[in-house]
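Close look at the chain arrangement
So you can see what is in the structure, the chains are spelled out below.
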Amino acid sequence: MRTRVLSSLAVVLVLALVTTACSKKNGNESGGGTTTIAGQKANDHGTKDVSGEASAELEQDNYYFNPTILKGTAGEKLTLELSNEGSALHNFSITDQGISQDVESGTKAEVTVTFPQSGTLVFFCKYHQTLGMVGALEVA
Ligand SMILES: [Cu+2]
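Notes on the structure follow.

The rules behind each value
Residues numbered from 1 in each chain as written. Predicted model: local features only at pLDDT ≥ 70, side-chain atom pairs only at ≥ 80, totals over all residues. Heavy atoms only, no water. Salt bridge = Lys/Arg side-chain N within 4 Å of Asp/Glu carboxyl O. Helix = DSSP H or I, 4+ residues; strand = E, 2+ residues; numbered from the N terminus. Buried < 20%, exposed > 50% of the residue type's maximum accessible area, 1.4 Å probe, protein only. Pairing = 2+ DSSP bridges. Core = buried A, V, L, I, M, F, W, Y, C linked by side-chain atoms within 4.5 Å. Contact = heavy atoms within 4.5 Å.

Moving on, we get to the pattern of salt bridges. It is possible for side chains of opposite charge to pair when their charged atoms get near one another. Scanning the model with the defined rule gives one salt bridge in all. E138 serves as the salt-bridge partner of K71, at 2.6 Å between the closest nitrogen and oxygen. Taken as a pair, K71 in strand 6 (residues 69-72) and E138 in strand 12 (residues 134-139) lie far apart in primary sequence, 67 residues in all. On the accessibility criterion, K71 (31% relative accessible area) is partly exposed.

See the structure below:
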């Protein structure tokens, strides 16, 4: 009887360990690592191909953009539907295009961006840039 209880406990423990390992793995796959964009640290929450799209959603949270990298075509105009899911005030800035849009916690805003002719154009939150709240418009 005692042995049975112990082996049941062992099974439960093994299952718990497996579950923990799996959720950690999934966490990494959905982002959470860091990458470097034009020499700046960026909290990486994935890449999305928006080639030919007129608009795309861009989630802001503490302290990242999701997706972090948007892939498009040269000169493509794209309306970004910013959605601040975080607890802090966030911002979306592209210096070269004169864009600096604040988005209060729990609210949305729209900005229209233009993809570069080639390479990578950085966007960032002006409040949390040094914390890795950085992303990019990328042309393949
Ligand atoms: Cu921010």
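And the narrative resumes.
Pairing of strand 1 (residues 33-37) with strand 2 (residues 40-44), which is carried by five bridges, proceeds in the antiparallel orientation. Within strand 2, the position partnered with T35 by the bridge is A42. As consecutive antiparallel partners, strand 1 and strand 2 are separated by two residues, and within that stretch A38 has a phi angle of approximately 50°, a positive value.

Core analysis: the largest hydrophobic core is formed by 22 residues, its most contacted members being L70, L80, F92 and V113. When contributions to this core are tallied by element, the ones reaching two or more residues are strand 4 (55-61), strand 7 (77-84), strand 8 (90-94), strand 9 (99-103), strand 10 (108-114), strand 11 (119-124) and strand 12. Residues in contact with V113, not counting those within four places in the same chain, are E76, K77, L78, L80, F92, I94, Q97, I99 and L137. Of all hydrophobic cores here, the second largest spans seven residues; its members include A42, I69, V122 and A136.

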